[in-house]
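Topology and contacts: notes
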Amino acid sequence: PATARAHAALTDLHPPADDILRDALAGLSRTPKRLPSKYFYDAQGSRLFEAITRQPEYYLTRVEQALLDDYLPAIASAIGSGAHVVEYGSGSGRKTRRLLEGLREPAAYTPVEISRAALLESTARLASALPAVEMLPVCADFTRPVPLPAPTRRPRRTLVFFPGSTLGNFTHDEAVGILAAMREAMGADGRALIGIDLQKDPALIEAAYNDAAGVTAAFTLNLLARLNRELGSDFDLAGFRHRAVYAGERSRIETFLVSQRAQQVQVAGRRFHFDAGEAMLVEYSHKYSDGGFATLAAAAGLAVADGRNDPRGWFGLRLLRP
Ligand code: AVI
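Residues numbered from 1 in each chain as written. Predicted model: local features only at pLDDT ≥ 70, side-chain atom pairs only at ≥ 80, totals over all residues. Heavy atoms only, no water.

Considerations on the pattern of salt bridges
For clarity, the cut-off: Salt bridge, as used here: a side-chain nitrogen of Lys or Arg that lies within 4 Å of a carboxyl oxygen of Asp or Glu. Numbered from the N terminus, helices here are DSSP runs of H or I no shorter than four residues, and strands are runs of E no shorter than two. The cut-offs for exposure are 20% and 50% of the maximum accessible area for each residue type, with area from a 1.4 Å probe on protein chains only; residues under the lower value are buried, those over the upper are exposed, and the others partly exposed.
The tally for this structure, following the rule as stated, stands at 18 salt bridges. Taking the shortest distance from any N to any O, the salt bridge between R308 and D70 comes out at 3.5 Å. A residue pair is termed long-range when its members are at least 10 positions apart, and R308 in strand β13 (residues 303–309) and D70 in helix α4 (residues 59–79) qualify at 238 residues. One salt bridge connects D290 with R318, and the closest N-O pair in it is separated by 2.4 Å. On the criterion of sequence distance, the pair formed by D290 in helix α10 (residues 290–299) and R318 in strand β14 (residues 315–321) is long-range, its members being 28 residues apart. A relative accessible area of 47% places D290 in the partly exposed class.

Structure below.
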């Protein structure tokens, strides 16, 4: 019944099947080559990401979860009762359940997620755990403007939830665009709760993106496996290695796939040459300072109303208002 309810309430904005072929060909034709990190998250990539969050070196998820538990009572009184919670890129929905349980009688929950299967599954799970919260899933690409469904009971205010430091995977301009779209969605009295990974000892950050078990390497290489599966390309996975380095001057992890030898790769009938040691950029993960994040939010017309960091200052949550 929970799945049926989630289906019934689904707003399907039919996100265009991203043109993975067009993006792959364009990225491979650039110098230096690059591929967009959004293509990490097929079914296998999403499983590998979940496994990353359980690695001892990947502190982000654990630290954010503990911080959220600690901060929730203060968030709940700042937000008040009857909120409409809107989450961008909702994933497994584990953090969401804690948030919805900690808020005062949330009226409705709108997860915005591009993967229809993940969206319906997590919404169904939340619907059975929280029957009093109206579930209004939206299948859409949150990097584009998303019209939000109206809850049956008029909500007191909108709270946008964007955890996990997902914002860090976007360039500065893209991040400003996403925050500006959130400001639009939340309205004049709305708030946004954003998770941000903070600047710290680069050795800790690099370890998080180079776990000893090799799960992050498998996650990165799955991008090539996905292209082989979906486009029939012939990337030799043994011919590339994952490399994630912290670029301190740009405050971000830059992840590359490095060609282990000179080689040719065929994609949709086109051949691309890789030199030995050639590095192809596949992801950024920005790390923020307090001031840097406040400046970024201000560029999108948002102010930091409140915030908290974990005791070691590794990860932060920020409550933003227009
Ligand atoms: C989803 N995102 C916030 C993760 C991050 O930390 O940038 C993706 C990731 N890439 C490698 N490990 C985790």
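The discussion continues.
Re the confidence of the model for the protein
Quick reminder of the rule: Per-residue confidence from the predictor is reported as pLDDT, which spans 0 to 100.
When pLDDT is averaged across the protein, the result is 94; 97% of the residues are at 70 or more. At the level of chain-chain contacts, confidence expressed as ipTM amounts to 0.99, with global pTM at 0.94.

Digging into the packing of aromatic side chains
Keep this limit in mind: Note on aromatic contacts: the rings of Phe and Tyr and the six-membered ring of Trp form a pair at centre separations within 6.5 Å, being stacked when their planes are under 30 degrees apart, edge-to-face when over 60 apart, and tilted otherwise. Charge-over-ring placement is defined geometrically: NZ (Lys) or CZ (Arg) within 6 Å of the ring centre, and within 35 degrees of the ring normal.
Throughout the structure, instances matching the rule amount to 15 aromatic pairs. Ring geometry for F40 against Y41: centres 6.3 Å apart, planes inclined by 80 degrees, an arrangement best described as edge-to-face. Taking the relative accessible area as the measure of exposure, F40 reaches 0% and is therefore buried. Note on Y41: relative accessible area 37%, which makes it partly exposed. A network of ring pairs unites the aromatic residues F40, Y41, F49, Y58, Y209 and F219 as a single cluster. Above the ring of F274, the side-chain terminus of K33 is found at 4.5 Å from the ring centroid. Directly above the aromatic system of Y284 lies the positively charged group of R252, at a separation of 3.8 Å from the ring centroid.

A look at the site of the ligand
Stated formally: Consider each residue's heavy atoms; a residue with any of them within 4 Å of a molecule or strand counts as near. Polar contacts, as used here, are pairs of N or O atoms within 3.5 Å; protein pairs need one atom able to donate a hydrogen and one able to accept it. Residues neighboring in sequence count only if both atoms are side-chain atoms. Exposure was quantified through the Shrake-Rupley algorithm and a 1.4 Å probe, taking into account, for residues, occlusion by the shown protein chains and nothing else. For this classification, Asp, Glu, Lys and Arg are treated as charged, while Ala, Val, Leu, Ile, Met, Phe, Trp, Tyr, Cys and Pro are nonpolar and the rest, including Gly, are polar.
Of all residues adjacent to the ligand, which total 13 residues, the nearest are Y58, N169, Y209, E283 and S285. In this structure, N169 approaches the ligand through a side-chain N or O atom, which is 2.8 Å from a nitrogen atom. Measuring from an oxygen atom of the ligand, one finds a side-chain N or O atom of Y209 at 2.6 Å. Protein chains shield 95% of the accessible area of the ligand, which is 340 Å² for the free molecule. Only α3 (43–52), α9 (215–231) and β12 (279–286) provide two or more residues apiece to the shell around the ligand. Of the residues contributing to the shell around the ligand, the split by class is 6 nonpolar, 6 polar and 1 charged.

Remarks on the pairing of strand β6 (residues 158–162)
Note the threshold: Paired strands, as defined in this entry, are two strands with at least two bridges between them according to DSSP. Look down the strands so they point away from you; if the path from the first strand over the helix to the second goes clockwise, the crossover is right-handed.
For β6, a buried count of 5 out of 5 residues is recorded, marking the element as mostly surrounded by other parts of the structure. Note: strand β2 (residues 84–88) against β6, 4 bridges, orientation parallel. Paired with V86 across the strands is V160, a residue of β6. When β6 meets strand β7 (residues 191–197), the two strands line up parallel, connected through 4 bridges. Residue pairing across strands places V160 opposite A192, the latter belonging to β7. In this fold, the crossover linking β6 to β7 by way of helix α7 (residues 172–186) has right-handed handedness.

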